[in-house]
Amino acid sequence: MRKTLRTKALGTAAVLGALTLTLAGCGGSTAVSRPVSGSWDGVVAAANKEGAVTIYSTQAQPVLADLENAFETAYPRIDLNVVRGVDADLLSRIDAEARTGKGAGDIAVITDVAWMQTAADTDRAVEVIGPAFDAPEYRRADSIVGGRFFLEGAVILGFGWNTGTYPQGIRTAADLLDPALKGRIGIVTPATSPTYIDYYDHIEEHYGGRGFLEKLAQNEPRIYPSSQPLGQALASGEIVAALMCNPMLPERSAGAPVDWTAGPHVWGARWYGLALGSAPHPNAAQVLADFMVSRPGQRATSPGYGSVLPGIEGALAVAQDVPGQNLAVTIGEGAEKYRNDWEDIFQ
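Rules of the game
- Residues numbered from 1 in each chain as written.
- Predicted model: local features only at pLDDT ≥ 70, side-chain atom pairs only at ≥ 80, totals over all residues.
- Heavy atoms only, no water.
- Helix = DSSP H or I, 4+ residues; strand = E, 2+ residues; numbered from the N terminus.
- Buried < 20%, exposed > 50% of the residue type's maximum accessible area, 1.4 Å probe, protein only.
- Polar contact = N/O pair within 3.5 Å; in protein donor to acceptor, adjacent residues only side chain to side chain.
- pLDDT = per-residue confidence, 0-100.
- Contact = heavy atoms within 4.5 Å.
- 1 Å grid on protein atoms, 1.4 Å probe; cavity = no way out; pocket = protein on both sides within 12 Å on 5 of 7 lines; lining within 4 Å.
- Points joined across faces, edges and corners; volume = space filled by probe spheres on them.
- Nonpolar A, V, L, I, M, F, W, Y, C, P; charged D, E, K, R; others polar.
- Axes fitted to C-alpha atoms, helices over the stretch in contact; angles between N-to-C directions.
- Parallel < 35°, antiparallel > 145°, perpendicular 65-115°, else oblique.
- Left-handed = near helix turned anticlockwise from the far one by under 90°.

> I keep staring at the side chain of Thr-192 and nothing clicks. Help me out?
With respect to the element layout, Thr-192 can be found in the loop between β9 (185-188) and α6 (194-207). For Thr-192, a relative accessible area of 15% corresponds to the buried category. Among the polar contacts listed, one links the side chain of Thr-192 to the backbone oxygen of Pro-225, at a separation of 2.8 Å.

> What am I meant to see in helix α8 (residues 227-236) here?
Each turn of an α-helix holds 3.6 residues, which means side chains three or four residues apart point in the same direction. Looking at α8, one finds that the buried residues are Ser-227, Gln-228, Leu-230, Gly-231, Ala-233 and Leu-234. Within two residues after α8, Gly-237 carries a phi angle of roughly 90°, on the positive side.

> Teacher, can you tell me more about the environment of Thr-54 here?
Positionally, Thr-54 belongs in strand β3 (residues 52-57). A residue is classified by how much of its surface remains accessible, and Thr-54, at 10% relative accessible area, is buried. Taking the C-alpha atoms as reference points, Thr-54 and Gly-103, 49 residues apart in sequence, are found 10 Å from one another.

> Can you help me understand the confidence of the model for the chain in this one?
In regions of low pLDDT, the predicted coordinates are not meant to be interpreted in detail. Taken over all residues, the pLDDT of the chain has a mean of 89, while the share at 70 or more is 91%. pLDDT under 50 marks residues 1-29. Its contacts with residues more than four places away, or in other chains, come to 81 contacts.

> Which parts of the structure should I look at to understand empty space enclosed by the protein?
Here the idea is plain: a probe the size of a water molecule rolls over the atoms and shows the empty space left. All chains considered together, the criterion is met by three cavities of 30 Å³ or more. As a volume, the largest cavity reaches approximately 220 Å³. What lines the largest cavity is a set of 21 residues, among which Thr-58, Arg-84, Tyr-196, Ser-227 and Trp-271 lie closest to the centre. Sorting the residues of the lining of the largest cavity by element identifies β8 (149-162), α6, α8 and β13 (267-276) as the ones contributing at least two each. Residues that form the lining of the largest cavity fall into these classes: eight nonpolar, 11 polar and two charged. Roughly 50 Å³ of internal volume is contained in the second largest cavity. No other element matches the four residues that β13 contributes to the lining of the second largest cavity. Residues belonging to the lining of the second largest cavity are distributed by class as follows: five nonpolar, five polar and one charged.

> Whenever I open this one, the packing of helix α2 (residues 61-74) against helix α10 (residues 282-292) confuses me. Can you help?
Two packed helices can be described by the angle between their axes and the distance between those axes. Packing of α2 against α10 brings their axes to within 11 Å, and their N-to-C directions diverge by 115°. What the angle tells us is that α2 and α10 run roughly perpendicular. Every pair of crossing elements has a handedness; the one defined by α2 and α10 is right-handed. For the pair α2 and α10, the contacting residues are Leu-67, Ala-70, Phe-71 and Ala-74 in the first and Val-287, Leu-288, Phe-291 and Met-292 in the second. Along the lines of polarity and charge, the residues of the contact of α2 with α10 split into eight nonpolar, no polar and no charged.

What follows is the structure, encoded as structure tokens:
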């Protein structure tokens, strides 16, 4: 039985009466940005005056492009700048900006629950506000951790294959052991995110334990830093099959010869958003956060993923119902041991 998400209490629920002031951060070396006080209309007006907002996100580039288009259509006076990366790189940047007080990012979307726990008693994130968070269909009690970290969606990863070069397809992890796939399989390193460790833990639990990984290593898979470049390699024909990829809906819509299955045991990871305490555009950060959990925002980011709202066309799951990470292997000494064991097998 996989463990459920256990997160530390982070504070009280958000309210619209956030003060317009700059507060000293932990240790006195940082400044915390807050949205204007008063009504939501006042926050939106201030956001329009700021005129820009930057998101750091681990979500796929096509998803972020759709979000950018949808948000700028809804708020044409605010320019959305997208910075995509893996958890390790983005969180390092966020920590550096918080320490120096020289923020560039306004919003982040991550899957690293361990970092969230570490950041619980710091000013890395501020309380989120906005009407979409209070909509009953958002299930606020299940979706917001301490008023700061808000559930935005969930990535659903599974098995992919190139339909042109491997038409028989992949139905379960065991199919990746086909000798015909030697040197033509893609996998993702767990070094870039604890989320990937959780995926491997899921694979071991359901598909034959550590012995399965050892057999997979005999097929000499290629290693990628995240699921996005792995998906691109699959679409281009660089690899024929993949252990850990998203449904690749944009690639499939564009005619790429790829297909995907979640397999008999579905795995997912929750995406959590946060408004950064070092945000240079604190009002626009709140407006973007609110938009992301609204129906227009979810229509942009949820097809092929898990949605935080019901009835989103193309969504594969309800994000609130996706199980949490197995923290025994994704944080601390457990994570370090798993990464070392994985490297012994594959490198």
